[in-house]
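# Results of the structural survey
Each chain, letter by letter, is given below.
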Amino acid sequence: MKSRHALTEDIIKIRRGLAIYKVGASPYWQCRMRISRTGGYICRSTQEISRIEARKSAEELYNSILQQHVTLAVLQEHTFDYFASKLIAKQYELAKRGVCSPKLAKSDEWLINNQTVGLLKFFGDRDITQIRTKDVNAYLEFVKNSRAEPFAFTTYSNRISCIRKILKIALYEGVIDIVPDTPRPEKKKDNPRPRFLFEPLVEKKDDQYKRILKTAEQMAHDQVVVRWIPVTMELYDLILFVMHTFVRPTISELYSIRHCDVTVAIDKPKRLILTIRQGKTGYRVTNTLEAAVSVYERIQDRYPNAKPEDYLFLPNYPNRETASRIIGRQFRELLKRAEIRRDGNGTPHSLYSLRHTALSMRLVKSKGDVNIFNLAQSAGTSVEQLERFYVRSLPPTSELARNLQTFGQPEESQPTQSVSQKAPSRKKQRSS
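Residues numbered from 1 in each chain as written. Predicted model: local features only at pLDDT ≥ 70, side-chain atom pairs only at ≥ 80, totals over all residues. Heavy atoms only, no water.

## Here's the deal with the packing of helix α8 (residues 233-245) against helix α9 (residues 291-302)
- In contact at an axis separation of 9 Å, α8 and α9 are set at 150° when each is read in the N-to-C sense. Compared by their axis directions, α8 and α9 come out roughly antiparallel. Relative to α9, α8 is oriented so that their crossing is left-handed. Residue-level contacts link M233, E234, Y236, D237, L240, F241, H244 and T245 of α8 to A291, A292, V295, R298 and R302 of α9.
- Looking at the contact of α8 with α9 residue by residue, the classes come out as seven nonpolar, two polar and four charged. (Axes fitted to C-alpha atoms, helices over the stretch in contact; angles between N-to-C directions. Helix = DSSP H or I, 4+ residues; strand = E, 2+ residues; numbered from the N terminus. Parallel < 35°, antiparallel > 145°, perpendicular 65-115°, else oblique. Left-handed = near helix turned anticlockwise from the far one by under 90°. Contact = heavy atoms within 4.5 Å. Nonpolar A, V, L, I, M, F, W, Y, C, P; charged D, E, K, R; others polar.)

Okay, structure coming up:
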């Protein structure tokens, strides 16, 4: 038995978005109209039995419905899509001029165009002048419901930031008068940064940093090959370089440093002066610890014909992503051999753990005397970040207790070189 809603006549297409049809539940022809703004259909009865009269009635109904929606039609220049495209173009232009990171431009483009939970997936061609706080909340709920497992804090904060940047472009062009308030995501739960254990936080036999250096040296001696590329003492020096310069082991920092970006300062304390041109926090010129000088001297010996524009590490690979992958694979093999794949919280280690170790080690081994503002500037981070991820996770050592209770020294008795500037002697630099 046929359903009373089954078609009794073929669908007749009048024009794009408009058609008539007939079902068993009614003697009248029905009209189906597509509304492009909503992306849906509206169905109405033509109240006509005759097919000819039904076509005329359908045309009248369609024009009437469109007239109701014409005031809601959105100009292309007012759509969210239009201003999202402007943001993408702007970000890449800023990256080209070195004002922002190319990684940020790519990240925002992905947030906008992602096929699953991208901004265009939700906002698309909506009128940007009609977007309110409730719409942003609805989008975040849409993201939240897209999978069973909860997203990280940055998933929401990055998307909110991207929405605000798009809205600000509309504001600057005079299309909207104010950027609506955007919700704050739930407070982020800070996870301790993974770092390698070192003396005096642990006993000498449990010093993971020393074990890493020893393993790197042994791999070079044994001529270990990882993915057809031999491990050399370059990996050993790269580890020391990160530890004594605090640079991020990323393409925009460590792998972008050239010889022309390095100056050896011979005044006391002896150190390198590095120019980081496109770091995570932008351009900076920074001091290093004294031990970085001997590392740089070995790099010069390794590549005696290096030109000022050559890179410090793996200069034979002009594609720095390739260089980064090579070192990354070798370091993962090192961690496997040293049996230090994860920290005490189960977080996987990576090259970035060296930077976290370097900052923690400087705070501990300075016996509380290091200037935290100076350290933050040298590392290209903020005091707030140091306090959140490093200072609060350090154990209450006796040195920090003494520093807490100090009353300072008279000016004439203060040392000329602060503890924060001291570095291991040349004899001990290779193992420090």
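## Considerations on the packing of aromatic side chains
- A complete count under the given rule lists nine aromatic pairs for this structure.
- Between the aromatic rings of F122 and F123, the centroid separation amounts to 5.0 Å while the plane-to-plane angle is 80°, which identifies the pairing as edge-to-face.
- Looking at F122, the relative accessible area reads 25%, which means it is partly exposed.
- Taken together, the ring pairs connect F80, F122, F123, Y139 and F142 into an aromatic cluster.
- The ring of Y41 has R32 lying over it, and the distance from NZ or CZ to the ring centre is 5.3 Å. (Phe/Tyr/Trp six-rings, centres within 6.5 Å; stacked < 30°, edge-to-face > 60°. Buried < 20%, exposed > 50% of the residue type's maximum accessible area, 1.4 Å probe, protein only. Lys NZ or Arg CZ within 6 Å of the ring centre and 35° of its normal.)

## Regarding unusual backbone geometry
- Going from E199 to P200, the amide bond is cis rather than trans, its omega being 15°.
- Structurally, P200 is set in the loop between α6 (153-172) and α7 (208-221).
- The amide bond that connects K268 to the next residue, P269, takes the cis arrangement and shows omega of -5°.
- Considering the arrangement of structural elements, one finds P269 in the loop between β7 (262-265) and β8 (271-279).
- Although it is not a glycine, Q47 sits at a positive phi angle of roughly 60°.
- Position of Q47 relative to the elements: it lies in the loop between β4 (40-45) and α1 (51-70).
- One non-glycine residue with positive phi stands out, namely F246, at about 70°.

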